[in-house]
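As a plain string of letters, each chain reads:
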Amino acid sequence: MFQYQARQSSIQSALAILELIYHATVRSVRKSHGNAVIGLLLSIVQTVILVGVFWVMYSVLGLRGSAIRGDFMLYIMSGIFLFLTHNKAVGAVMGSEGPTSPMMHHAPMNTTIAIASAALGTLYIQTLALFVVLFVYHVAFTPVDILHPVAAYGMVLLAWFSGCAIGLVFLAIKPWAPSFVQIASQIYLRANMVASGKMFVANTLPGYMLAMFDWNPLFHCIDQARGFVFINYNPHFSSVTYPVVLSLSLIMVGMMGEFYTRKHASRSWGAGR
């Protein structure tokens, strides 16, 4: 009947939210697999398989000459890492728990925390996998030499951020048109196999082909990342500004859509799940 609620300062509230995001992130990481180590190993194996597939494809088709002069495996990995990080971020944010999830009945949990934890969980796993793969390659095969490692990792973060922005838009639309979102997201994720530009560099493309890829923020992230990784490559037809501006715009659109969806949430949305 009588409840006492202690007032919290702004700093205390912020720390409480960060603690909640931390615990929700841990739950998100462990949700994919009960054992965190096995979950990490699965991400590493997926990365290694993709790198191996593209190495074989380049060798069989004789496309190694079109790569940037330098470490060929690093050229492949610079595309694969960003591609996986972006696509995983889209899937994680789009699949995060909505307003009708049972977890939302436990205060102070809300959809913002669920989205943030899903995004951070993906970034944690992909970053860990990236460093493990690069460390093993550096120790077991050949020393890894990256021109600007901090800026190159910044492009990984930008690929992750743009994936979160696109996933947030899909998440806002999903309760209203679930079939459309499922089809549209699959088309986008599959199209990124080619449209991401991980198999080629923008400087080698003719103008009419460049127009087919420069709409994709991941294309700009990968091309700019290779400029930071290799001393022999200077990207002329991509920019950092475009994915940043587009991602911020999509984040705002996605947040407004998610807020509207949350206000009109119906329990029947989650009945069939």
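Everything discussed here concerns the structure shown above.
Described below are features of the structure shown in this document. Just so it is clear, the model here is predicted, and its values are computed rather than measured.

Things to note about the overall build of the protein chain
Helices and strands together make up the secondary structure of the protein chain, namely 9 helices and 0 strands. Counted from the first residue to the last, the protein chain has its helices and strands arranged as α-α-α-α-α-α-α-α-α. Taking all 273 residues of the protein chain together, the buried fraction comes to 42%. For the protein chain, the proportion of contacts with a sequence separation of at least 24, taken over those separated by at least 6, is 74%.

Overview of the side chain of Ser-96
Structurally, the position occupied by Ser-96 is in the loop between helix H3 (72-94) and helix H4 (111-140). A polar contact of 2.8 Å, which involves the side chain of Ser-96, links it to the backbone oxygen of Val-93. Residue contacts for Ser-96: discarding those within four places in its chain leaves Ala-114, Ile-115, Ala-118 and Leu-171.

Re the packing of helix H5 (residues 149-173) against helix H9 (residues 241-263)
When two helices pack together, their arrangement is given by the angle between their axes and by how far apart the axes lie. Taken N-terminus to C-terminus, the directions of H5 and H9 make an angle of 30°; their axes are 8 Å apart at the nearest point. As judged from the angle between their axes, H5 and H9 are roughly parallel. As for the relative orientation of H5 and H9, their crossing is left-handed in sense. Here Leu-158, Phe-161, Ser-162, Ala-165, Ile-166, Leu-168, Val-169 and Ala-172 of H5 come into contact with H9, specifically with Pro-243, Val-244, Ser-247, Leu-248, Leu-250, Ile-251, Gly-254, Met-255, Gly-257, Glu-258 and Thr-261. Residue composition of the contact of H5 with H9, grouped by class: 13 nonpolar, 5 polar and 1 charged.

Comments concerning H9
Given 3.6 residues per helical turn, the α-helix brings residues three or four places apart onto the same face. Here H9 contains 23 residues, and its C-alpha end-to-end distance of 33 Å stays within 8% of the 33 Å for a straight helix at 1.5 Å per residue. Restricting attention to buried positions, one finds in H9 the residues Pro-243, Ser-247, Ile-251, Gly-254, Glu-258 and Thr-261. Here the buried face of H9 lies against H4, H5 and helix H8 (217-229).

Structural notes on the nonpolar core
With 42 residues, the main nonpolar core has Tyr-75, Met-77 and Leu-82 as its most contacted residues. When residues of this core are traced back to their parent elements, those giving at least two are helix H2 (36-61), H3, H4, H5 and H8. With residues up to four places along the chain from it excluded, the contact list for Leu-82 reads Met-155, Val-156, Ala-159, Leu-218, Cys-221, Ile-222 and Ala-225. Of all hydrophobic cores here, the second largest spans 11 residues; its members include Ile-115, Ala-119, Trp-160 and Ile-251.

A word on the packing of aromatic side chains
The final tally for this structure, using the stated rule, is 5 aromatic pairs. Here the guanidinium or amino end of Arg-226 rests over the ring plane of Tyr-75, the centre of that ring lying 4.1 Å away.

Overview of a nonpolar patch on the surface
A contiguous nonpolar surface patch, about 690 Å² in accessible area, is contributed by Tyr-124, Leu-128, Val-132, Phe-135, Val-136, Val-139 and Phe-141. As for its position among the elements, Val-132 is in helix H4.

Structural notes on the environment of Met-199
The residue Met-199 is located in the loop between helix H6 (178-195) and helix H7 (207-210) in this model. Separated by 124 residues in sequence, Met-199 and Tyr-75 have C-alpha atoms that sit 9.1 Å apart.

Focus on the environment of Ile-251
Relative to the helices and strands, Ile-251 resides in helix H9. Along the primary structure Ile-251 and Ser-162 are separated by 89 residues, whereas in three dimensions their C-alpha atoms are 8.7 Å apart. Non-local contacts of Ile-251, meaning those with residues more than four positions away in its chain, are made with Phe-161, Ala-165 and Leu-168.

Cut-offs used in this document
Residues numbered from 1 in each chain as written. Predicted model: local features only at pLDDT ≥ 70, side-chain atom pairs only at ≥ 80, totals over all residues. Heavy atoms only, no water. Helix = DSSP H or I, 4+ residues; strand = E, 2+ residues; numbered from the N terminus. Buried < 20%, exposed > 50% of the residue type's maximum accessible area, 1.4 Å probe, protein only. Contact = heavy atoms within 4.5 Å. Polar contact = N/O pair within 3.5 Å; in protein donor to acceptor, adjacent residues only side chain to side chain. Axes fitted to C-alpha atoms, helices over the stretch in contact; angles between N-to-C directions. Parallel < 35°, antiparallel > 145°, perpendicular 65-115°, else oblique. Left-handed = near helix turned anticlockwise from the far one by under 90°. Nonpolar A, V, L, I, M, F, W, Y, C, P; charged D, E, K, R; others polar. Expected span 1.5 Å × (residues − 1). Core = buried A, V, L, I, M, F, W, Y, C linked by side-chain atoms within 4.5 Å. Phe/Tyr/Trp six-rings, centres within 6.5 Å; stacked < 30°, edge-to-face > 60°. Lys NZ or Arg CZ within 6 Å of the ring centre and 35° of its normal. Patch = residues over 30% accessible without salt bridge, like charges linked within 9 Å, V, L, I, M, F, W, Y side chains within 5 Å. Areas by Shrake-Rupley, 256 points an atom, 1.4 Å probe, with all protein chains shown as cover. Salt bridge = Lys/Arg side-chain N within 4 Å of Asp/Glu carboxyl O.

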